[in-house]
Amino acid sequence: MKSDIEIALEAELEPIAEVAQKLGIDAEELDLYGKYKAKLTDELWERIKERPDGKLILVTAINPTPAGEGKTTTTVGLGQAMERIGKKAVIALREPSLGPCFGLKGGAAGGGYAQVVPMDELNLHFTGDFHAITSANNLLAAMLDNHIQQGNALGIDTKQIVWKRCVDMNDRVLRNITVGLGRKADGVTREDHFIITVASEIMAILCLAENMKDLKERLGRIIVAYTHEGKPVTAKDLKAVGAMAALLKDALRPNLIQTLEHTPALVHGGPFANIAHGCNSIRATKTALKLADYTITEAGFGADLGAEKFLDIKCRMAGLKPDAIVLVATVRALKYNGGVPKDKLGEENLEALRAGIVNLEKHMENVAKYDVPCVVTLNRFVSDTPAELAFVKDFCEERGCEFALSEVWEKGGEGGVELANKVVATTETKESRFHCLYEDGLSLKEKMTVIATEIYGAGQVVFEPSAEAEIARIESLGFGSMPVCMAKNQYSLSDDKSVLGRPQNFTLHIREVYVSAGAGFVVAITGSIMTMPGLPKVPAAEGIDVGDDGRITGLF
């Protein structure tokens with residue numbers, strides 16, 4: 001079969017204005033970025049905002065493995081399949097980061113015959129949203145350092161600066177740096193840090209803001225530093241909000257593209273789920289709900305990360321209620337969790353499947369905690385045997401969970417019809433009684449402990465002394481009622497990425513805590529997770545090229 005980018009480049013795309021017409025969007029409600037990309041105008045939202053919502057379907061997965069799960073592929077394929085069974089559907093996805101595109105993971109447009117296109121443009125600069133977020137983040141950093149250089153009227157303690165610069169690239173040497181070297185005019189010498197753009201609070205704010213007014217209010221609440229007396233200093237104090245908002249004005253609006261089968265897709269925002277909150281923008285999701293009968297959205301990495309944050313942060317803040325959750329797994333990934341090496345995953349091994357399926361079982365149990373109907377889908381590979389497929393199907397149905405096979409990678413929408421029918425039937429016959437996992441009134445440590453024990457399966461949580469101190473400060477400043485965004489590795493339910501399957505009664509270590517006051521949540525960093533990843537020994541960038549005809553190759 002052809003590579004993803006070969007399939008994407010050979011696709012016949014419809015002009016984006018024609019794709020928009022399927023949703024009743026007029027030409028004047030689009031700002032075109034070429035033939036096949038557009039941003040939606042604020043006027044569109046004003047016209048449709050009083051419409052009733054369609055049904056919201058969240059696609060999540062087991063913990064990712066080198067064998068692949070195909071969560072985005074399933075999301076795209078399910079949207080295409082909905083159209084094939086006569087349902088009006090919109091896909092709502094995150095934008096890809098350049099970090100994994102050039103690093104290890106690759107792009108985020110789906111795969112095979114279930115992709116959003118133009119795939120190459122989406123995975124690279126797209127409509128410039130990430131550049132705007134990076135610029136706004138670094139403008140605030142520059143204004144902070146300039147304020148200190150110009151006399152420091154706010155009394156900022158340079159040992160308590162918490163705002164970090166960012167770049168949308170995996171660049172480990174920028175994690176810890178020294179700035180202000182050189183002459184006196186070059187600034188105050190101090191330690192500084194970089195994070196990847198998708199971990200920036202600006203990214204989270206963009207994805208959680210309802211409109212420009214809300215965006216500016218959130219930007220103003222960003223805490224950049226503390227004074228010698230411990231008083232927080234905000235972006236509003238630095239008078240940076242207006243200029244930051246100007247940079248983000250266009251980035252705030254959702255982007256419209258299409259799938260290989262011309263199903264509309266709103267792709268907007270892109271926080272990672274392991275180090276940020278992992279969901280696309282509230283604006284994109286709410287717009288999709290007004291435009292279609294079914295909105296198919298995803299949350300990053302496994303259900304322990306993306307789905308938990310979608311449900312406990314995004315839905316809590318936006319008042320969203322998912323009607324069903326699709327939980328994606330593969331036979332290969334389950335066998336990998338059962339101890340099979342990557343080069344042996346194509347061989348039938350029911351014993352390893354039985355050992356590894358406990359990872360899927362834990363995610364099924366976690367979804368059930370939110371009282372949302374669940375459909376497990378197996379993203380089928382050609383090496384899967386009938387016995388293996390039957391084992392997983394029986395395992396799910398014995399536990400009262402709906403099950404469907406998915407072959408969208410190979411067959412596009414046609415390969416997702418079984419799944420689409422199952423999802424529609426589930427939403428029509430089972431009621432979602434969605435509720436969050438924890439209440440706002442719990443203390444921050446209690447919230448972190450609930451997530452660690454209920455979702456991850458930890459036996460206890462250990463807080464480093466610095467984390468304990470920061471929690472106390474955050475609560476004293478009045479932020480204790482905020483939800484918690486756990487930064488944890490994606491490969492294991494625990495904070496040790498090497499522990500596969502279903503670890504139980506382990507100790508989860510929280511080593512750092514900080515408040516994202518503008519985003520509206522508190523971040524807890526566990527284990528050895530980094531907010532600035534590094535490139536692997538052989539980065540994907542080595543295989544990417546542009547031919548003499550201008551066609552990009554190597555983007556998976």
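Quick note: structure is the one above.
Fair warning: this is a prediction, and the values are worked out from it, not measured in the lab.

Colleague: Is there a simple way to explain the nonpolar core in this structure?
Modeller: Nonpolar side chains tend to gather and get buried jointly when the protein is soluble and globular. Counting 124 residues, the largest nonpolar core has L219, I222, L360, V392, M448 and I510 as the members making the most contacts within it. The contact partners of V392, leaving out residues within four places of it in the chain, are V331, L334, L353, I357, L360, L378 and F403. Among the nonpolar cores identified, the runner-up in size contains 20 residues, and I5, I7, L260 and L555 belong to it.

Colleague: Sorry if this is basic, but what is going on with the pairing of strand β12 (residues 223–227) here?
Modeller: Both faces of the sheet carry side chains from a regular strand, because those side chains alternate between them. Most of β12 is tucked away, with five of its five residues classed as buried. Taken together, the two bridges between strand β7 (residues 156–161) and β12 define a ladder with antiparallel strand orientation. Bridge pairing links I156 to T227 in β12. Here β12 runs beside strand β13 (residues 232–234); their pairing, made up of three bridges, is antiparallel. Opposite A225, over in β13, you have V233 as the bridge partner.

Colleague: I tried to follow the packing of helix α8 (residues 201–208) against helix α9 (residues 212–221) on my own but got confused; where do I start?
Modeller: Relative orientation and spacing of two packed helices are given, respectively, by the angle between their axes and the distance between those axes. Contact geometry of α8 with α9 gives a least axis separation of 9 Å together with a crossing angle of 150 degrees. Taken together, the axes of α8 and α9 lie roughly antiparallel to each other. The chirality of how α8 crosses α9 is right-handed. Contact residues: α8 offers I202, I205, L206 and L208, while α9 offers D214, L215, R218 and L219. The class makeup of the residues in the contact of α8 with α9 is six nonpolar, no polar and two charged.

Colleague: Sorry, what's going on with the pattern of salt bridges here?
Modeller: On inspection of all chains with the given rule, the structure shows 40 salt bridges. Of the charged contacts, one joins E210 and K286 as a salt bridge, the two residues approaching to 3.1 Å between their closest N and O atoms. Taken as a pair, E210 in the loop between α8 and α9 and K286 in helix α11 (residues 282–291) lie far apart in primary sequence, 76 residues in all. Among the ionic pairs, R511 bridges to E512, the shortest N-O distance being 3.9 Å. In this structure, a network of salt bridges that share partners links the residues E361, E365, E398, R399 and R502.

Colleague: Would you explain the sheet that holds strand β22 (residues 507–516) in this entry?
Modeller: Note on sheets: strands pair through backbone hydrogen bonds, and any given pair is parallel or antiparallel. Within the open sheet, the four strands sit side by side as β20-β22-β23-β21. Their pairing is mixed. Each end of this open sheet is capped by a strand with a single partner; those strands are β20 (460–463) and β21 (484–487). Across this sheet, the average inter-strand angle for adjacent strands is 35 degrees, counted without regard to direction. Two elements, β20 and β22, share four bridges in a ladder whose sense is parallel. Bridge pairing links V461 to L508 in β22. Strands β20, β22 and β23 (521–526) of the sheet are contacted by helix α20 (residues 465–476), whose axis makes an angle of about 40 degrees with β22.

Colleague: Quick question: what am I supposed to make of the pairing of strand β16 (residues 294–298) here?
Modeller: With five of its five residues buried, β16 lies for the most part within the structure. Burial along β16 is two-sided: Y294, I296 and E298 facing one way and T295 and T297 facing the other are all buried. Here five bridges tie strand β3 (residues 55–61) to β16, and the two strands are oriented parallel to one another. The residue bridging K55 from the neighbouring strand is Y294, located in β16. Direction of pairing for strand β4 (residues 89–93) relative to β16: parallel, over a ladder of four bridges. Within β16, the position partnered with V90 by the bridge is T295.

Basis of the calculations
Residues numbered from 1 in each chain as written. Predicted model: local features only at pLDDT ≥ 70, side-chain atom pairs only at ≥ 80, totals over all residues. Heavy atoms only, no water. Core = buried A, V, L, I, M, F, W, Y, C linked by side-chain atoms within 4.5 Å. Buried < 20%, exposed > 50% of the residue type's maximum accessible area, 1.4 Å probe, protein only. Contact = heavy atoms within 4.5 Å. Helix = DSSP H or I, 4+ residues; strand = E, 2+ residues; numbered from the N terminus. Pairing = 2+ DSSP bridges. Axes fitted to C-alpha atoms, helices over the stretch in contact; angles between N-to-C directions. Parallel < 35°, antiparallel > 145°, perpendicular 65-115°, else oblique. Left-handed = near helix turned anticlockwise from the far one by under 90°. Nonpolar A, V, L, I, M, F, W, Y, C, P; charged D, E, K, R; others polar. Salt bridge = Lys/Arg side-chain N within 4 Å of Asp/Glu carboxyl O.

What is shown is where atoms sit, not what they do.
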